[in-house]
Amino acid sequence: MNFHNLFASLELPLLKRELIENSHKKRTYVIRILVALIFLLVMLVFYSEQIARHKNVLQVMGQGRELAMILFVCNLVAIYILLPAMACSAISAEREKQTLSLILISRITPGGLIAEKFLSRLVPMIALMLITLPMLSISYMLGGLKLEAVFAALIGLFTAALQVNSAAIMCSALFRTAL
């Protein structure tokens, strides 16, 4: 098997279509900007509160753990609120648009359909989680936080996103409408 056949089998056309459609929606960018602004506002409020509480900027050093924990909780809230809203219509929207039968008679298997819909809803949430990486690096630079803890938090966030996305895709497959 040559590389061309290997890449042709891994093309994932439905995933490609979904990501292109989402990139053309204004809502996608509005959500990303709002989430980034909320996280940035949370970080700035924490930082200004720390500066106001201490007389010297050097006394803030070692407070990175609290900032990382606040960002972690904000990410979890975003995952548990935004991801079900983004993923609940993955399959039911195809059913409502009456394109599900067309997808099923194509070369995409039912398992492939679920996998591609799963990935198409997970990729934007991972992008939202990556928005907080610069803020987590600031909390790491403040000290009081090990690099292993940052990676453990990211793995925990990814696991939560997998869990919520799985439940939302399952509900989308079971119920007729997204509502």
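The structure we're discussing is the one just above.
Small disclaimer: the values here were computed from a predicted structure and weren't measured. (Residues numbered from 1 in each chain as written. Predicted model: local features only at pLDDT ≥ 70, side-chain atom pairs only at ≥ 80, totals over all residues. Heavy atoms only, no water.)

### Examining the pattern of salt bridges
Consideration 1: Applying the stated criterion across every chain, the model contains 5 salt bridges.
Consideration 2: Put simply, glutamate 18 and arginine 17 hold a salt bridge, and the shortest N to O gap is 3.1 Å.
Consideration 3: For glutamate 18, a relative accessible area of 4% translates into the label buried.
Consideration 4: By relative accessible area, which is 29% here, arginine 17 ends up partly exposed.
Consideration 5: Here lysine 117 makes a salt bridge to glutamate 18, at a shortest N to O gap of 2.5 Å. Of the two residues, lysine 117 sits in helix H7 (residues 110-130) while glutamate 18 sits in helix H2 (residues 13-23), which places them 99 residues apart along the sequence.
Consideration 6: Among the charged side chains, a salt-bridge network with shared partners connects Arg17, Glu18, Glu21, Lys117 and Arg121. (Salt bridge = Lys/Arg side-chain N within 4 Å of Asp/Glu carboxyl O. Buried < 20%, exposed > 50% of the residue type's maximum accessible area, 1.4 Å probe, protein only. Helix = DSSP H or I, 4+ residues; strand = E, 2+ residues; numbered from the N terminus.)

### Points about the nonpolar core
Consideration 1: Core analysis: the biggest nonpolar cluster contains 32 residues, and Phe39, Leu67, Ile79, Leu83, Met125, Ala161 and Ile169 have the highest contact counts within it.
Consideration 2: Taken together, the elements giving at least two residues each to this core come down to helix H3 (26-53), helix H4 (64-87), H7, helix H8 (133-142) and helix H9 (147-174).
Consideration 3: If we ignore the near neighbours within four places in the chain, the residues touching isoleucine 79 are Pro84, Met125, Met129, Leu157, Ala160, Ala161 and Val164. (Core = buried A, V, L, I, M, F, W, Y, C linked by side-chain atoms within 4.5 Å. Contact = heavy atoms within 4.5 Å.)

### So, the environment of glycine 144
Consideration 1: For glycine 144, the location among the structural elements is in the loop between H8 and H9.
Consideration 2: As a C-alpha pair, glycine 144 and glutamine 63 span 81 residues in sequence and 6.0 Å in three-dimensional space.
Consideration 3: The contact partners of glycine 144, leaving out residues within four places of it in the chain, are Gly62 and Arg65.

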